[in-house]
Amino acid sequence: MAKGFNDRIVATIDVGTTKICVLVAKQLDGQEIEIIGCGKAPSDGLSKGVVVDVAKTIYSIRAALKEAELMAGMPIESVTVGISGSHISSLNSQGVVPIKRGDIREGDIAAVLAAARAIPIPDGQQVLHILPQYYVIDGRDKVIDPLGMHGIRLEVQAHIILGAIASVQNLVKCCESAGVTVQDIVLEQLASALCVLSEDEQKLGVAVLDIGGGTSDFAVYQYGSIRHTKVLPVAGNHFTNDIAVGLCTTLKDAERVKKEHGTAGSEEAMQDEFIEVEMVHGEQKQVVHSSDLIRIIEPRAQELLSIVHDEIIKRHLEHFITTGIVLTGGGSLLKGIQPLAEKLFDMPVRIGHPKVPFSIPDSLQSPIYATGYGLLLHTIKKLKANETSDLHGPLIKKVFNRMKAWMVDFF
Ligand SMILES: Nc1ncnc2c1ncn2[C@@H]1O[C@H](COP(=O)(O)OP(=O)(O)OP(=O)(O)O)[C@@H](O)[C@H]1O
Ligand SMILES: [Mg+2]
């Protein structure tokens, strides 16, 4: 399935720390896209975004795939998969090449990106993405799309994303053992950004923070291209663990009270309520006050947002983030996190719900599915781009096919 978008079907898997989500989309006549399959399963085999138990991960992926296949009424053969985890790192790099025939062709762009990629890569790491930020022709102005322009020297400033080979291989192995071929691997925050950010936000300057269960994935955009990425090892599960320890309750009940009564800011929590929770051994109940819950959640939320704030300051990212920060992922559903973030960052903060050019069921509108929809949007965009490049003849096709092994161009 999904060799090209002409096949009209694409499938993606968001292998998250708390849930696996498979989405299947179909292109209808008249170019409209429809979600025809969705499968979800709790995820047990990951820690902080990384596979730590292969057997459990395969089991969860299989369960989600089976549900999606049943709904779609067809088998899923190949998928795009999201990747995250603290093994992910990123850096900026430059490349320069002479322009061969006066006007810039796809081959020149491929060559300059290959030059930017020619950097020493630490042992055990591999390039996941090389994302052009801007091009410069003959040392003059910055250009976003140089194709067809004239000059003699082409430069690129690119953002390169690296991941640990072992973690990537484990993820691929789990998907393949669950019965699907992995056709592409995409950094999760790039997928989420594609789904929750508007084009204007990406042009003017914005940051996205996908607060998942195991990791919080951060990305900054300006002038329509990526400026910075970072995976932070603090997210929703840490809140749950803190609540379980702080209230001496079970992880299951800690998760429930977090969602039902939890809040990240004391102003939000003026309600004075008593909450019944299980004791940690699960045999008796106890009553706690809402202020006890806030005393646990608020410092953790402040810690998470402060790590992001420190990253912004350390990397001098303030001037890129002109329109504010968009929070997404399941952790963004925590009550009070938006006003707390607005106060801490001193800039506008909104919650990013999936915005896609096709209708989605009410049950799948949540920020929890931002990565899944982003993976779909990315796959559809890439397949369409490949079909266009196929029209350009065999030589260019050969060059681009060679590049495809490591290059994912979002723009
Ligand atoms: N209403 C809610 N209030 C607070 N937290 C919530 C709420 N709903 C979900 N969460 C939290 O969101 C987290 C799961 O989010 P998400 O599904 O985006 O993570 P994931 O994709 O599985 O993990 P990751 O991206 O880190 O690998 C969990 O920690 C969960 O407790
Ligand atoms: Mg996630």
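Model, not experiment: these values are computed from the prediction.

Thresholds, definitions, all that
Residues numbered from 1 in each chain as written. Chains lettered and ligands numbered in written order. Predicted model: local features only at pLDDT ≥ 70, side-chain atom pairs only at ≥ 80, totals over all residues. Helix = DSSP H or I, 4+ residues; strand = E, 2+ residues; numbered from the N terminus. Rg over C-alpha atoms; globule rule 2.2 N^0.38 Å. Buried ≥ 20, exposed ≤ 12 C-beta atoms within 10 Å, placed from the backbone. Contact = placed C-beta atoms within 7 Å. Pairing = 2+ DSSP bridges. Axes fitted to C-alpha atoms, helices over the stretch in contact; angles between N-to-C directions. Parallel < 35°, antiparallel > 145°, perpendicular 65-115°, else oblique. Left-handed = near helix turned anticlockwise from the far one by under 90°. Nonpolar A, V, L, I, M, F, W, Y, C, P; charged D, E, K, R; others polar. Domains from an automatic or database assignment.

So what's going on with the overall build of the protein chain? Which residues, and what values?
Counting secondary structure elements, the protein chain contains 11 helices and 18 strands. Its C-alpha atoms give the protein chain a radius of gyration of 22 Å, near enough to 22 Å, the size a compact globule of 411 residues would have. Each principal axis of the C-alpha distribution contributes one length, and for the protein chain these read about 75 × 50 × 45 Å. When each of the 411 residues of the protein chain is scored for burial, the buried share is 45%. Nonlocal contacts in the protein chain, meaning residues at least 24 apart in sequence, comprise 68% of its contacts between residues at least 6 apart.

Give me the lowdown on the environment of Arg315, citing residues and values where you can.
Counting through the fold element by element, Arg315 comes out in the loop between α8 (290-314) and β17 (325-328). Accessibility expressed as a C-beta count within 10 Å gives 13 for Arg315, which makes it partly exposed. Separated by 87 residues in sequence, Arg315 and His228 place their C-alpha atoms 8.6 Å apart.

Account for the sheet that holds β17, naming residues and giving values.
Pairing in this open sheet of five strands is mixed, and the strands run β14-β13-β12-β17-β18 from one edge to the other. Where the open sheet ends on each side, the last strands, each with one partner, are β14 (225-232) and β18 (349-351). For this sheet, the mean angle separating the axes of adjacent strands, direction not counted, is 20 degrees. Here strand β12 (residues 206-211) runs beside strand β13 (residues 216-222); their pairing, made up of six bridges, is antiparallel. Opposite Val208, over in β13, you have Ala219 as the bridge partner. Each of β12, β13, β14 and β17 is contacted by helix α4 (residues 188-196), which is oriented at about 60 degrees to β13, the strand it contacts most.

Kindly report on the packing of α8 against helix α9 (residues 337-345), identifying the contributing residues and their values.
Relative orientation of the contacting elements α8 and α9 amounts to 45 degrees, with a least axis distance of 10 Å. Relative to α9, α8 is oriented oblique. Helix-helix and strand crossings are classified by hand; for α8 and α9 the assignment is right-handed. Every residue of α9 that contacts α8 at Ala301, Leu305, Ser306 and His309 is listed here: Ile337, Leu340, Ala341, Leu344 and Phe345. In terms of residue class, the contact of α8 with α9 is built from seven nonpolar, two polar and no charged.

Can you lay out the sheet that holds strand β10 (residues 153-164) for me, pointing to particular residues and giving the numbers?
The four strands are arranged β7-β10-β8-β9 in an open sheet whose pairing can be described as antiparallel. The sheet is open, and its two borders are formed by β7 (89-98) and β9 (142-143), each paired with just one other strand. Pairing between β7 and β10: 10 bridges, direction antiparallel. Following the sheet pairing, Leu91 is matched in β10 by Ile160. Helix α3 (residues 165-177) contacts β8 (125-137) and β10 of the sheet and is inclined by roughly 70 degrees relative to β10.

I'd like a rundown of the environment of Ser359, residues and numbers included.
In this structure, Ser359 sits in the loop between β18 and α10 (370-390). Counting along the chain gives 324 residues from Ser359 to Ile35, while the straight-line C-alpha distance between them is 7.8 Å.

Can you tell me about the packing of helix α6 (residues 236-247) against α8, naming the residues and giving the values?
Across the interface, α6 lies against α8 with an axial gap of 10 Å and an inter-helix angle of 145 degrees. Of the two elements, α6 crosses α8, and the hand of that crossing is right-handed. In contact with His238, Phe239, Asp242, Ile243, Gly246 and Leu247 of α6, α8 contributes Asp292, Leu293, Ile296, Ile297 and Arg300. For the contact of α6 with α8, a count of residues per class yields six nonpolar, two polar and three charged.

Tell me what's going on with unusual backbone geometry, and back it up with residues and numbers.
At Lys48, a position not held by glycine, the phi torsion is positive, near 50 degrees. Structurally, Lys48 can be placed in the loop between β4 (46-47) and β5 (50-51). For Lys48, a count of 21 C-beta atoms within 10 Å puts it in the buried group. The backbone of Asp346 sits at a positive phi, close to 55 degrees, despite the residue not being glycine. As for its position among the elements, Asp346 is in the loop between α9 and β18. A tally of 10 C-beta atoms within 10 Å means that Asp346 is categorised as exposed.

So what about the domain arrangement of the protein chain? Which residues, and what values?
Domain annotation of the protein chain identifies domain 1 (5-86 + 166-190 + 355-404), domain 2 (89-163), domain 3 (194-235 + 300-351) and domain 4 (237-296). Here the C-alpha centre of domain 3 lies 24 Å away from the C-alpha centre of domain 1. Each partner contributes residues to the interface: domain 1 has 24 residues there, and domain 3 has 21 residues. Counting only elements with at least two residues in the side of domain 1 that touches domain 3, the list comes to β4, α4 and α10. Here the residues of the side of domain 1 that touches domain 3 are counted per class, giving nine nonpolar, 12 polar and three charged.

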